[in-house]
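Each chain, written out:
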Amino acid sequence: MIGLAILVGFCAGALAGMLGIGGGALFVPALVLFLDLAHVEAEATSLLAIVPVAVVGAWQQQRYGNLRLREGLVVGALAVPGAIVGVVLVNVLPERAVEVGFGLLLLFVSLQLVRSALRPAATPPRAADRASR
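Computed from a predicted model, the values in this text were never measured in an experiment. (Residues numbered from 1 in each chain as written. Predicted model: local features only at pLDDT ≥ 70, side-chain atom pairs only at ≥ 80, totals over all residues. Heavy atoms only, no water.)

A. Seen up close, unusual backbone geometry. At Asp36, a position not held by glycine, the phi torsion is positive, near 60°. By the element assignment, Asp36 lies in the loop between helix H2 (23-35) and helix H3 (39-63). Exposure remark for Asp36: the relative accessible area of 69% places this residue in the exposed category. (Helix = DSSP H or I, 4+ residues; strand = E, 2+ residues; numbered from the N terminus. Buried < 20%, exposed > 50% of the residue type's maximum accessible area, 1.4 Å probe, protein only.)

B. Up close: the environment of Leu105. Relative to the assigned elements, Leu105 resides in helix H5 (residues 95-118). Residue Leu105 is classed as partly exposed on the basis of its relative accessible area, which comes to 48%. C-alpha separation for the pair Leu105 and Ala25, spaced 80 residues apart in sequence, amounts to 9.5 Å.

C. Up close: H3. Here H3 spans 35 Å end to end across 25 residues, near enough to the 36 Å set by a 1.5 Å rise per residue. In H3, a bend of some 30° at Ile50 exceeds every other bend along the element, and Pro52, a proline, comes one to four places later. (Expected span 1.5 Å × (residues − 1). Bend = angle between axes of the 7 residues up to and from the residue.)

D. Quick look at the pattern of salt bridges. Per the stated rule, a full pass over the model turns up two salt bridges. A salt bridge links Glu71 to Arg68; its shortest N-O distance comes to 2.8 Å. Look at Glu71 and you get partly exposed, because its relative accessible area is 36%. We classify Arg68 as exposed; its relative accessible area is 57%. A salt bridge links Arg96 to Glu99; the nearest nitrogen and oxygen atoms lie 3.2 Å apart. Residue Arg96 and its partner Glu99 are located together in helix H5, separated by three residues, close to a single helical turn. (Salt bridge = Lys/Arg side-chain N within 4 Å of Asp/Glu carboxyl O.)

E. Looking closely at the packing of H3 against H5. For the pair H3 and H5, interaxial distance at closest approach is 9 Å and the crossing angle is 60°. Of the possible angle classes, the one that applies to H3 and H5 is oblique. Where H3 approaches H5, its residues His39, Val40 and Glu43 are matched on the opposing element by Glu95, Val98, Glu99 and Phe102. Of the residues contributing to the contact of H3 with H5, the split by class is three nonpolar, one polar and three charged. (Axes fitted to C-alpha atoms, helices over the stretch in contact; angles between N-to-C directions. Parallel < 35°, antiparallel > 145°, perpendicular 65-115°, else oblique. Contact = heavy atoms within 4.5 Å. Nonpolar A, V, L, I, M, F, W, Y, C, P; charged D, E, K, R; others polar.)

F. Representation of the packing of aromatic side chains. Applying the stated rule across the entire model yields zero aromatic pairs. A cation over a ring is seen here: Arg63 above Trp59, with NZ or CZ 5.8 Å from the ring centre. (Phe/Tyr/Trp six-rings, centres within 6.5 Å; stacked < 30°, edge-to-face > 60°. Lys NZ or Arg CZ within 6 Å of the ring centre and 35° of its normal.)

G. Structural detail: the side chain of His39. Tracing the sequence through the fold places His39 in helix H3. By relative accessible area, His39 is classed as buried at 7%. Engagement of the side chain of His39 in a polar contact is seen with the side chain of Glu43, the distance being 2.8 Å. With residues up to four places along the chain from it excluded, the contact list for His39 reads Val28, Val32, Glu95, Val98, Glu99 and Phe102. (Polar contact = N/O pair within 3.5 Å; in protein donor to acceptor, adjacent residues only side chain to side chain.)

H. Representation of the confidence of the model for the protein within the structure. In this model, the protein carries a mean pLDDT of 86, and residues with pLDDT of at least 70 account for 89%. Across the protein, the secondary-structure element scoring lowest on mean pLDDT is helix H6 (residues 127-131), at 55, and the one scoring highest is helix H4 (residues 69-90), at 93. (pLDDT = per-residue confidence, 0-100.)

The following block contains the structure:
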């Protein structure tokens, strides 16, 4: 079981670093499918597991100049009370309702990402054009 947890952690971390997807989108399904955790247990476990992934990923992205610190701190600070409410709700709602809601959320996000990826991209300015400004 630990060997499988190591593999899940490494793969989910690599995907999170490459794609910027949160732990819930990867860790929860992996913990349910591969480690046989109940959905609420997987959610709680993923909340802990994502902390080091988020810290290291943000630190590495900052080195490339991709981190928007102010926005990240605002979103993170405001997510704390939301997390408290979410934990209360997930512990009073039927687990099946949480599973279906989670699946629907993943489908919605997936469809939005596909839709966004299929839109014609605006041509970014060339590096030489940006340098002459």
